[in-house]
Amino acid sequence: MNETALYEFLETEHSEDSFSRSQSGNLIKRDAIKVGILGCGAIANVITDHALKGKLGVDLACFYDRDTKRAESIASKVGGTVALNLKDMLNLVDLVVEAASPQAVIETVPQILKNGKNVIIMSVGALLDLEFKNKLERIAIKNKSRIYTPSGAIVGLDGIKAASVGEITELNLVTRKPPESLGISINEEMVLYEGKASDAVRKFPQNMNVAAALSIACDKEADVKIIADPSVDHNIHDVHVVGDFGEFKTTTRNMSCTTNPKTSVLAAYSAIKLLKSLNDNLKIGT
Ligand SMILES: NC(=O)c1ccc[n+]([C@@H]2O[C@H](COP(=O)([O-])OP(=O)(O)OC[C@H]3O[C@@H](n4cnc5c(N)ncnc54)[C@H](O)[C@@H]3O)[C@@H](O)[C@H]2O)c1
């Protein structure tokens, strides 16, 4: 059943009382998950624009950014509330989407989980600090909360997760980026980094969410190469996985968000799809 048919079905099968219209006119189930967005930049804007088209399936109830003007601007689009701090946001929501920075994950996610709220983490690079990741998992277990990390700017995480049931012998990521996105100017391609994911994340914290997602998905550190390549105008990720299941290769050529050329549209879309899937009765993909 496609989404439009599903909503028509829900509207006819269930009483109108089950739904309300948001300030922006979208149909939202009265018991829809209330979502707070922490970090009102490029990803938050793509999510909100999607909500304006309807059918996000969750209620974008609250927005918080250390730059309050950004939170106000985005909240006004969907009729959400602006929180002046994390505590205020946690009083209003069931789940927080972190779309801010790795530092914001460190500063806010423990508190989110301690309040029994679920969290979607976009700055997944922060989780490559294993001690921190384990601490978050312990807090989540204690408080019956959940941590979600969408697939972000990469494809193939489903395959890697499945492959990790057996033995993975090779996990390689080659990331090519336009030099200007890394703040450099060169005429020929230059290898900026070659080594393990955890070191790459420390050296390029804003850029290595993909390496982190791959490594965490299969509990094996990816071997990473980062190349500044003047011949590309998009971020390109080549992944190569070998294991007892066989072998696969993926290439992702990412379009950038208009408001932040460093951030891939696919990453924002992956958060949207995860938000929508929270209501799914049928789950596809590992
Ligand atoms: N998982 C992935 O594949 C993937 C892909 C792209 C981006 N990301 C990550 O997602 C995050 C958001 O990306 P974006 O492009 O939307 O960023 P952005 O720079 O466009 O917006 C970030 C917003 O968060 C706010 N912010 C930063 N730190 C904060 C804090 N401690 N408290 C409150 N607000 C804070 C900033 O003021 C800004 O408005 C980044 O960390 C980025 O690295 C992940």
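Refer to the structure above for everything that follows.
Cut-offs applied
- Residues numbered from 1 in each chain as written.
- Predicted model: local features only at pLDDT ≥ 70, side-chain atom pairs only at ≥ 80, totals over all residues.
- Axes fitted to C-alpha atoms, helices over the stretch in contact; angles between N-to-C directions.
- Helix = DSSP H or I, 4+ residues; strand = E, 2+ residues; numbered from the N terminus.
- Parallel < 35°, antiparallel > 145°, perpendicular 65-115°, else oblique.
- Left-handed = near helix turned anticlockwise from the far one by under 90°.
- Contact = placed C-beta atoms within 7 Å.
- Nonpolar A, V, L, I, M, F, W, Y, C, P; charged D, E, K, R; others polar.
- Core = buried A, V, L, I, M, F, W, Y, C linked by C-beta atoms within 7 Å.
- Buried ≥ 20, exposed ≤ 12 C-beta atoms within 10 Å, placed from the backbone.
- Pairing = 2+ DSSP bridges.

Novice: For this particular structure, what's the right way to read the packing of helix α2 (residues 42-52) against helix α10 (residues 265-277)?
Specialist: Here α2 crosses α10 at 55 degrees, and the two axes come no closer than 9 Å. On the basis of the axis angle, α2 is oblique to α10. Crossing of α2 against α10: the hand is right-handed. Taken together, the residues of α10 that come into contact with α2 (itself represented by A42, I43, V46, I47 and H50) are V265, A267, A268, A271 and I272. Counted by class, the contact of α2 with α10 contains 9 nonpolar, 1 polar and no charged residues.

Novice: Explain the nonpolar core here, please?
Specialist: In a soluble, globular protein the nonpolar side chains are often hidden away together inside. Grouped together as the largest cluster of nonpolar side chains are 77 residues, with contacts concentrated most on I37, I43, F63, A211, A212 and L214. Ranked by residues supplied to this core, first place goes to helix α9 (residues 209-218) with 8 residues. Excluding anything up to four places from it in sequence, A211 contacts L173, A197, A200, V201, A222 and V224.

Novice: How should the sheet that holds strand β4 (residues 59-64) be read in this particular structure?
Specialist: In a beta sheet, neighbouring strands are held together by backbone hydrogen bonds and run either parallel or antiparallel to one another. Sheet architecture is open: 6 strands sit in the order β5-β4-β3-β6-β7-β8, paired in parallel fashion. Only two strands of the sheet have a single partner each, and these edge strands are β5 (81-82) and β8 (147-148). Direction of pairing for β4 relative to β5: parallel, over a ladder of 2 bridges. Residue pairing across strands places F63 opposite V82, the latter belonging to β5.

Coordinates in, geometry out; function isn't part of it.
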